[in-house]
Amino acid sequence: MSTIHLHQTTTSTPEQYVAGLTDFGPGRSKLFGNSADEYLKVHHLGQSEADVTEGSGGIWERLHYDWSDPNRVVLTTTDSNTWGGASGHTYTFKRQPNGTTDIDVVVVRDGKNLKGRLLGFVLGTIGRGVLERAFENSVKAIEARNSTARAARAAGAS
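Time to look at the environment of arginine 145. Relative to the elements of secondary structure, arginine 145 occurs in helix H4 (residues 128-157). Using a relative accessible area of 30% as the deciding quantity, one classes arginine 145 as partly exposed. In sequence terms arginine 145 and glycine 124 are 21 residues apart; their C-alpha atoms lie 30 Å from each other. Excluding residues that lie within four positions of it along the chain, arginine 145 makes contacts with Ala19, Gly20, Asp23 and Leu31. Engagement of the side chain of arginine 145 in a polar contact is seen with the side chain of aspartate 23, the distance being 2.8 Å.

The pairing of strands in a sheet happens through backbone hydrogen bonds and is either parallel or antiparallel. Spatially, E1-E7-E6-E5-E4-E3-E2 is the arrangement adopted by the seven strands of the open sheet, whose pairing is antiparallel. Because the sheet does not close on itself, it has two edges, and the strands there are strand E1 (2-10) and strand E2 (41-45). Mean inter-strand twist for the sheet, computed between neighbouring axes without regard to direction, equals 20 degrees. For strand E6 (residues 88-95) and strand E7 (residues 101-109), the ladder comprises eight bridges, and the chain directions are antiparallel. Bridging from a neighbouring strand, phenylalanine 93 pairs with isoleucine 103 of E7. Strands strand E4 (59-69), strand E5 (72-80), E6 and E7 of the sheet are contacted by helix H1 (residues 14-21), whose axis makes an angle of about 155 degrees with E6. Sheet contacts for helix H3 (residues 114-124): E1, E4 and E7; angle to E1, the most-contacted strand, approximately 45 degrees.

Analysis parameters
- Residues numbered from 1 in each chain as written.
- Predicted model: local features only at pLDDT ≥ 70, side-chain atom pairs only at ≥ 80, totals over all residues.
- Heavy atoms only, no water.
- Helix = DSSP H or I, 4+ residues; strand = E, 2+ residues; numbered from the N terminus.
- Buried < 20%, exposed > 50% of the residue type's maximum accessible area, 1.4 Å probe, protein only.
- Contact = heavy atoms within 4.5 Å.
- Polar contact = N/O pair within 3.5 Å; in protein donor to acceptor, adjacent residues only side chain to side chain.
- Pairing = 2+ DSSP bridges.
- Axes fitted to C-alpha atoms, helices over the stretch in contact; angles between N-to-C directions.

Spelled out as structure tokens, the structure:
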């Protein structure tokens, strides 16, 4: 089992990042490269939870999303062709006095078969950079989405 800790500081608020993280519509892959649209299936969507299957590159997982705590989002793997056990993601948000937000992510990869155990080992060692880049890209994509929305609101107000 691999546990990977990631950190980014963003200009997005926790609410803006959670809005991106829980946007399960078309184009999700523009925000999260490891969530290809052809794998995406929303089984249930509630006010502060969702049951979603997503993945890419032959790896998929069904996740229970819980964003009932405004400072934390927990994604628990409930089924997968690769991951089992304690697998999932936990996002924790901390507002900073300068208006930025620190995001800490803990990714747990508990392989349920040989493929999963090998991928978990690789991600926990030499493959960590892949997860770091994917997280950095999602932070930048959500910031860009928020900038576009602010610009559109400003143009509409003039």
